[in-house]
Amino acid sequence: MGGSIFGKIFRISSFGESHGKALGVVVDGCPAGLSLSEADIQPYLERRRPGKNLKMTQRKEGDQVEILSGVFQGLTTGTPIALMVRNEDQRSKDYGDIAESFRPGHADYGFFSKYGFRDYRGGGRSSGRETLARVAAGAIAKKVLQELQVEVDAKVMELAGISLSTSEGRAEADARILKLREEGDSAGGVVECRVNGLFPGVGEPVFDKLDARIAEGIMSIGAVKAVEIGDGVAASRALGSENNDSFFTVEAFPESRRGDISTEEVDESDESDDSERGGTEGDYFLENNLLRLKKKSNHSGGILGGMSDGSEILIRASFKPTPSISKVQNTVKESGEPISIKIKGRHDPTVVERATVVVEAMTAIVVLDCLLENMSARLENVKKIYRKE
C-alpha cells in the first residue's frame, strides 16, 4: 500500500491495522541528541486513548508505547526511531455480519474497488486507530519544537454544531452527544490549532507553501472534510481593505523570543471577540534578522505567500460525524445484492475530542519538517554548520 509515508526530512511511516497485533510508526530524520523516552510520548497517547468516558468508544486499550530503536542512553541517535503500540481489546466478531457489505460513510467500497478485497475488521488501515501512530510521531516533533521555543496547541471549538466558547455551550454539547449515543447516531465538530513562536520565512512560495503542507497533513486525518487557515472561508466574503493585515514598526521591541507575547505586552482594550473569523484584533509581534514589526490583526493566520510571517498560525479542521452508527442503513453487498445493515460494535458518537491531539500532532510534524527544510535556504546558514568563521 502506498501513501503511508509522510514528510521530507522529518519523515514518518505508519503501519498496522485496527484489529491486527499492533500499530506503530517509524520516525526518520529526527536530530540526534534529543532526550527521549516512552514517558515523553505516553501523555499524548493518553489524550487520544479510547474508553475514557461515555462520549468515546468503550474499546479498552492501554495504548502503552514501546520504543524499539533510535534511542540510546536516553538520547536519540539520529537513526530511525521505531515506536509500537500493541492491540489488546479487539472484537473482530462484531464485524462478521457486515464482512461482505459496504458500510455507508466508510472506506469499504474504495478498498474493495482498489484491491479486490479488504480488511473489514474495524476498517483496517482506514480505522481511526491508525492515528495513534501520528500522535506518537507528533510527540517527538513537539519535543524538538519545544527546544526551538515553538508551541503547538489544539482544542475543540465546536461540537455537534454547538460552540464551546462558554461553559453553557460545553454542557449543552455534552448532553447532545450523550443523547445521540443513545439514539445510535453521531456528530462532528471543529478543532482549532495554534502555532506560536515560529520564525518568519518558513515554507516555500510555490508548491510547498506552508499552508498547503499543513492542509495536506490535516486533510490526511480520517474524517477531516475541510481545513481553514486564518479567516479561511470568511476571507472570501471580506474586502481587501478588511482582509489585509497592516504592518507597523515597533519602538522598544520587547526582549523576548520571536513571536512570544506576554499578557502584559498586549493591550486588552484593543482586542475583540472575532469568533467568526481568525483575525482577532491585538498586537502580533514579528521579528526576523533585520526587522522588528507588528500587526494589529491576523486575518492571514500567520502565513503570507506560503511562508510564515512570525505571528500566530491559526488552523481550523472540520470533522464529519462518525460514520459507524447503529441506526438501520441501506447499502449493497459485494455481490451487488441490496441489504439493510445495523452496525454493531463499540464506536465513538463523535471523534472530535480524541482527534484534537491528532490535529496537534500532524501540525507539529509539518512545522518541524518545514523548519528543517528551511535551514538550507541561505548559504550563510549552511556555512555556519560546515565552516567556522
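This text goes with the structure placed above it.
Residues numbered from 1 in each chain as written. Predicted model: local features only at pLDDT ≥ 70, side-chain atom pairs only at ≥ 80, totals over all residues. Heavy atoms only, no water.

## A word on the overall build of the protein
No. 1: A count of helices and strands for the protein gives eight helices and 19 strands.
No. 2: Taken across its 389 residues, the protein has 47% of its residues classed as buried.
No. 3: Of all intrachain contacts in the protein linking residues separated by at least 6 positions in sequence, the fraction that spans at least 24 positions is 71%.
No. 4: Of the accessible surface of the protein, which amounts to about 19,000 Å², a share of 52% is contributed by carbon and sulfur atoms. (Helix = DSSP H or I, 4+ residues; strand = E, 2+ residues; numbered from the N terminus. Buried < 20%, exposed > 50% of the residue type's maximum accessible area, 1.4 Å probe, protein only. Contact = heavy atoms within 4.5 Å. Areas by Shrake-Rupley, 256 points an atom, 1.4 Å probe, with all protein chains shown as cover.)

## Overview of the environment of N196
No. 1: Among the secondary structure elements, N196 is positioned in strand 10 (residues 189-196).
No. 2: For N196, a relative accessible area of 26% translates into the label partly exposed.
No. 3: Separated by 114 residues in the primary sequence, N196 and G310 have C-alpha atoms spaced 8.2 Å apart.
No. 4: One polar contact links N196 to E312, side chain to side chain, over a distance of 3.0 Å. (Polar contact = N/O pair within 3.5 Å; in protein donor to acceptor, adjacent residues only side chain to side chain.)

## Quick notes on the pattern of salt bridges
Between side chains of opposite charge, pairing is possible as soon as their charged atoms come close.
No. 1: In total, this model carries 23 salt bridges according to the counting rule given.
No. 2: For R49, the salt bridge identified is with E46, shortest N-O distance 2.7 Å.
No. 3: One salt bridge in this structure joins E360 and R47, with 2.9 Å as the shortest N-O distance. Here E360, found in helix 7 (residues 352-374), pairs with R47, found in helix 1 (residues 38-48); they are 313 residues apart in sequence, far enough to count as distant.
No. 4: For R47, a relative accessible area of 33% gives the class partly exposed.
No. 5: Overlapping salt bridges bring together K8, D208, R213, D369 and E373 as one network. (Salt bridge = Lys/Arg side-chain N within 4 Å of Asp/Glu carboxyl O.)

## Here we look at empty space enclosed by the protein
No. 1: Across all of its chains, the model carries one cavity of 30 Å³ or more by this definition.
No. 2: In this structure, the largest cavity encloses a volume near 30 Å³.
No. 3: Around the largest cavity, the lining residues are A107, D108, F111, R118, D119, G123 and S126. (1 Å grid on protein atoms, 1.4 Å probe; cavity = no way out; pocket = protein on both sides within 12 Å on 5 of 7 lines; lining within 4 Å. Points joined across faces, edges and corners; volume = space filled by probe spheres on them.)

## Here's the deal with the side chain of E353
No. 1: Within the secondary structure, E353 sits in helix 7.
No. 2: Overall, the relative accessible area of 18% leaves E353 in the buried class.
No. 3: Within polar-contact distance, the side chain of E353 engages the side chain of R170 at 2.7 Å.

## Quick word on a nonpolar patch on the surface
No. 1: A grouping of M375, I385 and Y386 is seen on the molecular surface, where their side chains present a nonpolar patch of about 370 Å² in accessible area.
No. 2: Residue placement: M375 occurs in the loop between helix 7 and helix 8 (379-386). (Patch = residues over 30% accessible without salt bridge, like charges linked within 9 Å, V, L, I, M, F, W, Y side chains within 5 Å.)

## As for the sheet that holds strand 2 (residues 11-16)
No. 1: Strand order across the open sheet formed by five strands is 1-2-3-7-4, with antiparallel pairing between neighbours. Either end of the sheet is taken by a strand with one partner, and the two such strands are strand 1 (5-6) and strand 4 (65-67).
No. 2: Examined bridge by bridge, strand 2 and strand 3 (residues 22-28) share six bridges and lie antiparallel to one another. Considered in strand 3, the bridge of G16 is made with L23.
No. 3: Of the strands in this sheet, strand 2, strand 3 and strand 7 (81-86) touch helix 3 (residues 131-147), which is tilted by about 35° from strand 3. (Pairing = 2+ DSSP bridges. Axes fitted to C-alpha atoms, helices over the stretch in contact; angles between N-to-C directions.)

## Some details on the sheet that holds strand 8 (residues 151-159)
No. 1: Taken in spatial order, the five strands line up as 9-8-10-17-11 in an open sheet, and their pairing is antiparallel. Two strands bound the open sheet, and with one partner strand each, they are strand 9 (162-163) and strand 11 (224-229).
No. 2: Pairing geometry for strand 8 and strand 10, over eight bridges, is antiparallel. Looking across to strand 10, one finds that K155 is bridged to E192.
No. 3: Helix 7 rests against strand 8, strand 10 and strand 17 (313-319) of the sheet, and its axis sits at about 145° to strand 8.

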